[in-house]
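Understanding the architecture of this molecule
Spelled out from the first residue to the last, the chains are:
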Number of protein chains: 6
Amino acid sequence: MNRIDNRKPDELREMKMITDYIKHPQGSVLIEMGETKVICSATIEEKVPFFLKNSGTGWITAEYSMLPGATHTRNIRESSKGKIGGRTQEIQRLIGRALRSVVDLKALGEKTIWIDCDVIQADGGTRTASITGAFVALTMAVDKLYNQGKIKVFPIKSYVSAISIGVMEGTELLDLCYEEDSKAHVDMNVVMTDRGEFIEVQGTGEEAPFSKEQLLSLLTLAEKGNRELTRMQREILGPIGERIGESKEEK
Amino acid sequence: MNRIDNRKPDELREMKMITDYIKHPQGSVLIEMGETKVICSATIEEKVPFFLKNSGTGWITAEYSMLPGATHTRNIRESSKGKIGGRTQEIQRLIGRALRSVVDLKALGEKTIWIDCDVIQADGGTRTASITGAFVALTMAVDKLYNQGKIKVFPIKSYVSAISIGVMEGTELLDLCYEEDSKAHVDMNVVMTDRGEFIEVQGTGEEAPFSKEQLLSLLTLAEKGNRELTRMQREILGPIGERIGESKEEK
Amino acid sequence: MNRIDNRKPDELREMKMITDYIKHPQGSVLIEMGETKVICSATIEEKVPFFLKNSGTGWITAEYSMLPGATHTRNIRESSKGKIGGRTQEIQRLIGRALRSVVDLKALGEKTIWIDCDVIQADGGTRTASITGAFVALTMAVDKLYNQGKIKVFPIKSYVSAISIGVMEGTELLDLCYEEDSKAHVDMNVVMTDRGEFIEVQGTGEEAPFSKEQLLSLLTLAEKGNRELTRMQREILGPIGERIGESKEEK
Amino acid sequence: MNRIDNRKPDELREMKMITDYIKHPQGSVLIEMGETKVICSATIEEKVPFFLKNSGTGWITAEYSMLPGATHTRNIRESSKGKIGGRTQEIQRLIGRALRSVVDLKALGEKTIWIDCDVIQADGGTRTASITGAFVALTMAVDKLYNQGKIKVFPIKSYVSAISIGVMEGTELLDLCYEEDSKAHVDMNVVMTDRGEFIEVQGTGEEAPFSKEQLLSLLTLAEKGNRELTRMQREILGPIGERIGESKEEK
Amino acid sequence: MNRIDNRKPDELREMKMITDYIKHPQGSVLIEMGETKVICSATIEEKVPFFLKNSGTGWITAEYSMLPGATHTRNIRESSKGKIGGRTQEIQRLIGRALRSVVDLKALGEKTIWIDCDVIQADGGTRTASITGAFVALTMAVDKLYNQGKIKVFPIKSYVSAISIGVMEGTELLDLCYEEDSKAHVDMNVVMTDRGEFIEVQGTGEEAPFSKEQLLSLLTLAEKGNRELTRMQREILGPIGERIGESKEEK
Amino acid sequence: MNRIDNRKPDELREMKMITDYIKHPQGSVLIEMGETKVICSATIEEKVPFFLKNSGTGWITAEYSMLPGATHTRNIRESSKGKIGGRTQEIQRLIGRALRSVVDLKALGEKTIWIDCDVIQADGGTRTASITGAFVALTMAVDKLYNQGKIKVFPIKSYVSAISIGVMEGTELLDLCYEEDSKAHVDMNVVMTDRGEFIEVQGTGEEAPFSKEQLLSLLTLAEKGNRELTRMQREILGPIGERIGESKEEK
């Protein structure tokens, strides 16, 4: 089977990241995975949600949105609808959970880091690109806090990246674009650390259930994709072995 | 390690189902998994959402809610808040997706089946109990349509059930109650068919990432739990091999 | 005229109450009046609305809701609509007012008691069943406070119950079921104490105005019905003459 | 006991009505009951709510609101709050029900009459003044339809008026002003026809339950008050015996 | 060209103001510009919005609304829609800004003055009539504070009035009524002080752009209109040269 | 006085436009005015709002939004707040009005053109940059319709651009950046055609009223700025004298 853009089944789309894409947030990046483009930013706020007041613990929360013009047919703004849809809420909960899983919120102290992922062009894989980009923006913001001495212990414990995999016409594919995604029978998103551990595995076979064998080979593809993504994050963020204390040598 | 209620790690809580629990919906069941109690009902409406008008295809949609008194501390009604929270939306999207995955919506015809899952008492595993119970309510409603000749081909292709698994203090556990769930580091929900296929796999390691080995042994636990649940659904619904056309002999 | 269910005009439907129906709230009861079934619960919260802060006075507030499957045709959730309808608001204001009228809120102290009435099956008279059941749940919750020494003076001064009456085809009927109610020309709800006093009288002749004579004979029916309801509440709650201080001997 | 404004217990406040107070609606009146001032208007719309489409039947619906400056302390606009409060909803449901009860909606045909009651100054009794004024605005609007031949049978069957009564310091009072109302233990609103029939009786003893004797003597006061209000409505609207078909001679 | 109501192009409609129109607010006026009628009121609140807490500075905020019956076809209440429309928000922001521009908010101290402009009948120019009337209500309220010694320095620095001008069929017109306004190609609102300075100039040529010459001659018309409005405000408010400190002799 | 960025008082910031910035909308541009960056897009929809159904007339409507990270301190998403603020509504009404004023909506036919202006970085003048950029996106989209023969007469009649001017420390400035804007006493936005006509003039002197002389010299600055902007738009869009029918030679 030939992929639309001639990639091999286990090949990522071309990925680019432009850091400091917008100037006001403490960290920001424009991440591109092929035609999918997301502005990710991290803003530090010196207070925490009410349930953490006086706990000494920080928080990371994420918001995700699409520009109306990001999709094939214009999507209606959620501000015009007056409410945030289920899909959006699921995605922002996922992004927040993924980032929090690798951060020592105690070490962060009573701060909230707001992650904003705004999709300016969508071509499949916007939630996974958001996580991969958001990790970079988050690290840039945390670096500032750390370099200014506002936090004593570097609180990020691992890299985080995410990728989609799926089954289309019987073939297992890595990093599906929109057209592939809309034809896939099984759709999966996998969030991982740079240590090869899983943070989140979400697989759905709405069109057709899938077997354990398929699940296993999809996970293998996801491991390959995430390994490459982590490598590119590391290139952007520079050697961070010392910041991320416990892992002296980079993997 | 001893479980709170003395169950073995791979043991389900006691499960009960009272069918026709409320009289107006075409199908209804009160499902109890230990102290978790959910009223599941299925109501047939003779129209479809706008995106299916004149398509000849039906739809299944789910709503999930908790009574304010269902939880340890009273939870605020979403009608009072004026909006549906992210967790609720995620769960109702999951229930709808799981049920649609085993129904031939073409064969159903231009009807909507509304699934309502109302948790009257919560003790962990409300979303998986909802799916397991909702399948029974759905089948009861579809049976009525089928017996009245309103649909010609029985549209349900497999049984569906769901169960939670997790890792608590290093031990993999089946069917976590609330107290176990709140202490678990890995939390997973698995929706399966009676053929042992996966419909949905959702695993989260917010507290701590998990390895591939752990993932595999959790899936094995889930398979065991779902097998038992399907057996109980089959007892309630009676032999349905012929209704569910292609699988003559029950597995 | 024969009633649908062969009752006499002045006969109540069969009434049942299952106390402690759900385990988390301090008081709870499943009340059934014929086919009408309502879960009533009372939850104590250790704070009061802003207008009572530092007043030393407590508050009782009620919420009322119907499961979507409770009615003949599925009723849309108010959480989905994003607002609470006028009928619901009227009913929850009525329940709260009725219960507050017999409670010494000063003696309760700065606490809020949340009353939740969730109709799981509706067949007429849901608001009056809610009041009758809510009084039982409230008393159970207050008993706990009183027995734990958290309140010094028992704050409930009288029993409260409520019943509907109406005029159908010229006959005055007690405790109308849904089918009777939908045919009635005059529709009335009467909330009373165990002393035979009126707390609330609401009579509507939307279809046809009614005369003073009719009003009087409907009130007589209501008195009979409420007397019987109070008797049943007393059986459930046990002898409470001493708790409800001033009335040593039960009436 | 002397009343604040030296009225006798059974005396109405001075009542004034200025018809055609605003020019755009088909009927409008400024009604004053003492210091309470309400602009009531009736606007005809040539369509009906969806549940009456193609039924040949009309509808009357009411909205009630207060200017922010109408009360002692500025009340917040419901448009700013983004939702309509329970009290407002109760009142507008009451006004609509009261007017519909004397109109033959079949004879009205497929039209909606919108009743708007906007309180510009509040001093007790705003809901009853609204009903009394709204009936005048409604009749003016219906007169126009009737005189233009747009309806064949005059659809209004009786006059409607409403008054409040209450018990303050043991005395039964007619037409309470705000200060009296805030001290009353029993609060009652009675809507009646010119034939002396009851359309709506709403009595509440939140502060203290009331006896049947009190109820009866309050109803007698209400009858007196409504008789006088109807007389004033008749002066404004002119002899309408022939319009209101069946009652040739005015009572 | 003859104007609909035979006015000359540079002639205002008849203007009337009834002060103390409603009794509860500290200042109130019913302003009529021809058939346009607006109730303007000013209510003092002893607190400020959160962004001014502990700043020693006061605030003036305005709300604007129309009764449903104020317009040719009934306009839907914004409380029923659940949100405030763009036009309403624009107008209330304009009114607030115009009044704040002539008030020394420091001298006012930590108080909020709520301005309410409720249009009871609309015939063009409701926003400008609102500003002209609101200034009178505001001054009445501030007078009370000043006379009671609650503020030491009279904080109002100039009179404020506003008028509309426009171009209809090539003629420049002052103070357009609704029918003229709906035919005008250029529509302009000008807010001025009694010193002939501009506070706000808003000109729109949606139907047709306008030249600089037109703009200048429209501004001249606006100056004439506002001069007359200020004169009438001064008649109502009495000689205030001393209150408005710096301008001893009235201009 | 030296400007922050060393510009002369009548000098624009550096302006850049990247067309086709996002691929799905029919027209799109990233416009930069100094540090202010806005993505403007135009999407064609083959239907019109209900008030234009069957009128043969088209519509242009605009939405404006800011990314949370666009401003100095993160601004809260309007979708999270559940409503669109007054400032946003004012701006989107202004953009829509400005564009409609130069388009022959009859010639456009029954289509809606959605204009989206999403500010990704804000440094003053976002609303005027939005109008200038939106005109380019609109023209690109209309060009496509025209070239595909879907409209017969080119419906755009003039170029439109907009610029801000203001008075800071007594000096009149063109194209204020955020820091200048926050210190300005007079704030003005002027929308013009390429023929030197005014479409919209909005001047506010909240901090201090302004004289007619100031108004005139600000308008002169605005004319200079808009002339330069139009020239740059023409460079981007190419010679369009023939498309914009009546003006053969470009000005």
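Basis of the calculations
- Residues numbered from 1 in each chain as written.
- Chains lettered and ligands numbered in written order.
- Predicted model: local features only at pLDDT ≥ 70, side-chain atom pairs only at ≥ 80, totals over all residues.
- Heavy atoms only, no water.
- UniProt positions renumbered as here; feature names shortened; annotations may be inferred.
- Helix = DSSP H or I, 4+ residues; strand = E, 2+ residues; numbered from the N terminus.
- Contact = heavy atoms within 4.5 Å.
- Salt bridge = Lys/Arg side-chain N within 4 Å of Asp/Glu carboxyl O.
- Buried < 20%, exposed > 50% of the residue type's maximum accessible area, 1.4 Å probe, protein only.
- Least-squares fit on C-alpha atoms with pLDDT ≥ 70 in both.
- Pairing = 2+ DSSP bridges.
- Axes fitted to C-alpha atoms, helices over the stretch in contact; angles between N-to-C directions.
- Buried area = accessible area lost by both parts, 1.4 Å probe.
- Polar contact = N/O pair within 3.5 Å; in protein donor to acceptor, adjacent residues only side chain to side chain.
- Nonpolar A, V, L, I, M, F, W, Y, C, P; charged D, E, K, R; others polar.
- Phe/Tyr/Trp six-rings, centres within 6.5 Å; stacked < 30°, edge-to-face > 60°.
- Expected span 1.5 Å × (residues − 1).
- Parallel < 35°, antiparallel > 145°, perpendicular 65-115°, else oblique.
- Left-handed = near helix turned anticlockwise from the far one by under 90°.

Thoughts on the UniProt feature "binding site: phosphate" (unreviewed entry) in chain A
Residues and elements named next belong to chain A.
- Annotation from UniProt places "binding site: phosphate" (unreviewed entry) at Arg 87, Gly 125, Thr 126 and Arg 127. Across 41 residues in sequence, these annotated residues keep their C-alpha atoms within 13.5 Å of one another, forming a single compact spot.
- By the element assignment, Arg 87 lies in helix α2 (residues 86-100).
- Here Arg 127 lies in helix α4 (residues 126-147).
- In this view, Arg 127 contacts Arg 87, Ile 91, Leu 94, Asn 189 and Gln 202; residues no more than four positions away in its chain are not counted.

Structural notes on the UniProt feature "domain: Exoribonuclease phosphorolytic" (unreviewed entry) in chain A
- The feature "domain: Exoribonuclease phosphorolytic" (unreviewed entry), as given by UniProt, occupies residues 11-141 and 159-225 of chain A in the numbering adopted here.
- Along residues 159-225 of chain A the backbone is 30% helical and 42% strand, and the end-to-end C-alpha distance reaches 14 Å.

Considering the pattern of salt bridges
- Going through the model one piece at a time under the given rule, you end up with 120 salt bridges over all chains.
- Two residues, Asp 5 of chain A and Arg 7 of chain A, come together in a salt bridge whose shortest N-O distance is 3.0 Å.
- On the accessibility criterion, Asp 5 of chain A (35% relative accessible area) is partly exposed.
- Between Lys 212 of chain B and Glu 223 of chain A there is a salt bridge whose closest N-O contact spans 2.9 Å. Of this pair, Lys 212 of chain B sits in helix α6 (residues 212-237) while Glu 223 of chain A is found in helix α6 (residues 212-237), placing the two residues in two different chains.
- Classification of Glu 223 of chain A as buried rests on a relative accessible area of 18%.
- Within the structure, one salt-bridge network assembled from shared partners comprises Arg 3, Asp 5, Arg 7, Arg 13, Asp 123, Asp 175 and Glu 180 of chain A.

Some words on the relation of the copies chain A and chain B
- The transform that puts chain A on chain B rotates by 180° and translates by 0.0 Å along the axis, for an RMSD of 0.0 Å. This pairing of chains is accounted for by a two-fold axis. For chain A, the minimum C-alpha distance to the rotation axis belongs to Gln 202 of chain A and amounts to 2.3 Å.
- A symmetric contact is evident, with 100% of the interface residues of chain A recurring at the interface of chain B.

Regarding the sheet that holds strand β5 (residues 112-121) of chain B
Residues and elements named next belong to chain B.
- The 5 strands lie next to each other as β1-β2-β3-β5-β4, forming an open sheet whose pairing is mixed. The open sheet has two edge strands with one neighbour each: β1 (15-19) and β4 (59-66). Across the sheet, the axes of successive neighbouring strands diverge by a mean angle of 20°, strand direction being ignored.
- Taken together, the 5 bridges between β1 and strand β2 (residues 27-33) define a ladder with antiparallel strand orientation. If you follow Ile 18 over to β2, its bridge partner there is Leu 30.
- With respect to the sheet, helix α4 (residues 126-147) is in contact with β1, β2, β3 (36-45), β4 and β5, its orientation differing from that of β3 by roughly 35°.
- Against the sheet, α6 touches β1 and β2, its axis set at about 25° to β1.

What about the interface of chain A and chain B?
- Taken together, the 30 residues of chain A in the interface contact 30 residues of chain B.
- Carbon and sulfur atoms make up 52% of the area that chain A and chain B hide from each other, which totals about 2800 Å².
- Along the contact surface separating chain A from chain B lie 4 salt bridges.
- The tally of links from chain A across to chain B stands at 16 residue pairs in polar contact (both at pLDDT 80 or more).
- Those elements that place two or more of their residues in the side of chain A that touches chain B are α2, β9 (198-204) and α6 of chain A.
- Here the side of chain A that touches chain B is built from residues that sort into 9 nonpolar, 11 polar and 10 charged.
- Pairing between β9 of chain A and strand β9 (residues 198-204) of chain B: 5 bridges, direction antiparallel. Its bridge partner lying in β9 of chain B, Val 201 of chain A is registered against Gly 203 of chain B.

Observations concerning the relation of the copies chain F and chain A
- Taken as rigid bodies, chain F and chain A are interconverted by a rotation of 180° and an axial shift of 0.0 Å, the fit giving an RMSD of 0.0 Å.
- Both copies present the same face, since 100% of the interface residues in chain F are matched by interface residues at the equivalent positions in chain A.

Brief notes about the packing of aromatic side chains
- Counted according to the given criterion, the structure contains 30 aromatic pairs over all chains.
- An angle of 85° between the planes, with centres 5.9 Å apart, marks the rings of Phe 50 of chain A and Phe 51 of chain A as edge-to-face.
- We classify Phe 50 of chain A as exposed; its relative accessible area is 69%.
- Their ring planes at 80° and their centres at 5.1 Å tell us that Tyr 146 of chain E and Phe 154 of chain E sit as a pair that is edge-to-face.
- Ring-pair connections join several aromatic residues into one group, and the members of that group are Phe 50, Phe 51 and Trp 59 of chain A.

Structural notes on the interface of chain F and chain A
- Across the boundary between the two partners, chain F contributes 31 residues, which contact 31 residues of chain A.
- Sorting the residues of chain F by area buried against chain A places His 24, Arg 74 and Arg 77 of chain F first, and these three jointly supply 24% of that buried surface.
- Scanning the region where chain F abuts chain A turns up 12 salt bridges.
- The residue Glu 63 of chain A makes a salt bridge to Arg 77 of chain F at a minimum N-O spacing of 2.8 Å.

Looking at helix α4 (residues 126-147) of chain E
All names here are of chain E.
- With 22 residues, α4 extends 31 Å from end C-alpha to end C-alpha; this agrees with the ideal 32 Å at 1.5 Å per step.
- Counting buried positions over the 22 residues of α4 gives 19, a clear majority of the element.
- Phi turns positive, to about 75°, at Gly 149, one or two residues after α4.

With respect to the sheet that holds strand β7 (residues 171-174) of chain C
- If you walk across this open sheet you meet the 8 strands as β7(C)-β6(C)-β8(C)-β9(C)-β9(D)-β8(D)-β6(D)-β7(D), and the pairing is antiparallel. Where the open sheet ends on each side, the last strands, each with one partner, are β7 of chain C together with β7 (171-174) of chain D. Adjacent strand axes in the sheet meet at a mean angle of 15°, parallel and antiparallel pairs treated alike.
- By the bridge criterion, 8 bridges tie strand β6 (residues 160-168) of chain C to strand β8 (residues 186-193) of chain C in an arrangement that is antiparallel. Bridging from a neighbouring strand, Ile 165 of chain C pairs with Met 188 of chain C of β8 of chain C.
- Helix-sheet contacts for helix α2 (residues 86-100) of chain C involve β6, β8 and β9 (198-204) of chain C together with β9 (198-204) of chain D, and the interaxial angle to β9 of chain C is about 155°.
- On top of the sheet, helix α6 (residues 212-237) of chain C reaches β6, β7, β8 and β9 of chain C together with β9 of chain D; it is set at about 140° to β6 of chain C, its chief contact.

With respect to the side chain of Asn 226 of chain E
- Relative to the helices and strands, Asn 226 of chain E resides in helix α6 (residues 212-237).
- Of note is the side chain of Asn 226 of chain E, whose polar atom sits 3.1 Å from the backbone nitrogen of Ala 162 of chain E.

Quick notes on the arrangement of the chains
- The two units chain B and chain E are non-contacting; their minimal C-alpha-C-alpha distance is 11 Å.
- Spatially, chain C and chain F are disjoint, and the shortest separation between their C-alpha atoms is 11 Å.

What about the packing of α6 of chain A against α6 of chain B?
- Interhelical geometry of α6 of chain A versus α6 of chain B gives an angle of 160° and a closest axis separation of 12 Å. If you check the angle between α6 of chain A and α6 of chain B, you find them roughly antiparallel. Relative to α6 of chain B, the crossing made by α6 of chain A is right-handed. Here Lys 212, Leu 215, Leu 216, Leu 219, Thr 220 and Glu 223 of chain A of α6 of chain A lie close against α6 of chain B, whose contacting residues are Lys 212, Leu 215, Leu 216, Leu 219, Thr 220 and Glu 223 of chain B.

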